[in-house]
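Analysis of the macromolecular model
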Amino acid sequence: PPAVLPERVLDLAATHFGVTARALRSPNRSAQLVQARQAVVFLLRQHTQLSYPEIGSLLGGRSHSTALYSHKRAKLRLQQNLDWRQTLRNLSTQLERPL
């Protein structure tokens, strides 16, 4: 399968969560943006070769530990929340489709 571009993950998640890719990179920590960022981190880890430092940098210069924490939170939520699991599954499926 063709490589998934990080920008595509950002754009897809931004559209799904009703925010902008720019907002995902901003320092704003509203619940909506935090959740969208967690989805982005999870999907980037799943569909790209990006490291935590690279993901943090992509998301507005966050630290690798912030990216790691976001990934852990996303995985935990996957186990506990059916809607979240379905959201990530749907986004993941869209990313796997060719443009």
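Described in the following lines is the structure provided in the data block. (Residues numbered from 1 in each chain as written. Predicted model: local features only at pLDDT ≥ 70, side-chain atom pairs only at ≥ 80, totals over all residues. Heavy atoms only, no water.)

**So, the packing of helix α3 (residues 31-47) against helix α5 (residues 64-80)**
Any two packed helices are characterised by how steeply their axes cross, that is the angle between the axes, and by the distance between the axes. Axis separation between α3 and α5 bottoms out at 8 Å; the angle between their running directions is 95°. One way to sum up the angle between α3 and α5 is to call them roughly perpendicular. Contacts from Gln35, Gln38, Val41, Phe42 and Arg45 of α3 reach α5 at Ala67, Ser70, His71, Arg73, Ala74, Lys75, Arg77 and Leu78. (Axes fitted to C-alpha atoms, helices over the stretch in contact; angles between N-to-C directions. Helix = DSSP H or I, 4+ residues; strand = E, 2+ residues; numbered from the N terminus. Parallel < 35°, antiparallel > 145°, perpendicular 65-115°, else oblique. Contact = heavy atoms within 4.5 Å.)

**Some thoughts on the nonpolar core**
Where a protein is soluble and globular, its nonpolar side chains tend to be buried together. Grouped together as the largest cluster of nonpolar side chains are 30 residues, with contacts concentrated most on Phe17, Leu24 and Val40. When residues of this core are traced back to their parent elements, those giving at least two are α1 (6-17), α2 (21-25), α3, α4 (52-58), α5 and α6 (82-96). Ranked by residues supplied to this core, first place goes to α3 with 8 residues. Once residues within four sequence positions are removed from consideration, Val40 is found in contact with Val9, Leu10, Ala13, Leu24 and Leu59. (Core = buried A, V, L, I, M, F, W, Y, C linked by side-chain atoms within 4.5 Å. Buried < 20%, exposed > 50% of the residue type's maximum accessible area, 1.4 Å probe, protein only.)

**What to know about α6**
The terminal C-alpha atoms of α6 lie 21 Å apart, and with 15 residues this matches the ideal 21 Å at 1.5 Å per residue to within 8%. The set of residues buried in α6 consists of Trp84, Thr87, Leu88, Leu91, Ser92 and Leu95. Down the axis, α6 shows its buried residues gathered within 130° of arc, on one side only. Turned more than 90 degrees from where α6 packs its buried face, Leu82, Asp83 and Glu96 sit exposed. Among the structural elements, α1, α3 and α5 are those in contact with the buried residues of α6. Measuring from the side-chain oxygen of the N-cap residue of α6 to the backbone nitrogen of Asp83 gives 2.9 Å; that N-cap residue is Asn81. (Expected span 1.5 Å × (residues − 1). Arc of directions from axis to C-beta. Polar contact = N/O pair within 3.5 Å; in protein donor to acceptor, adjacent residues only side chain to side chain.)

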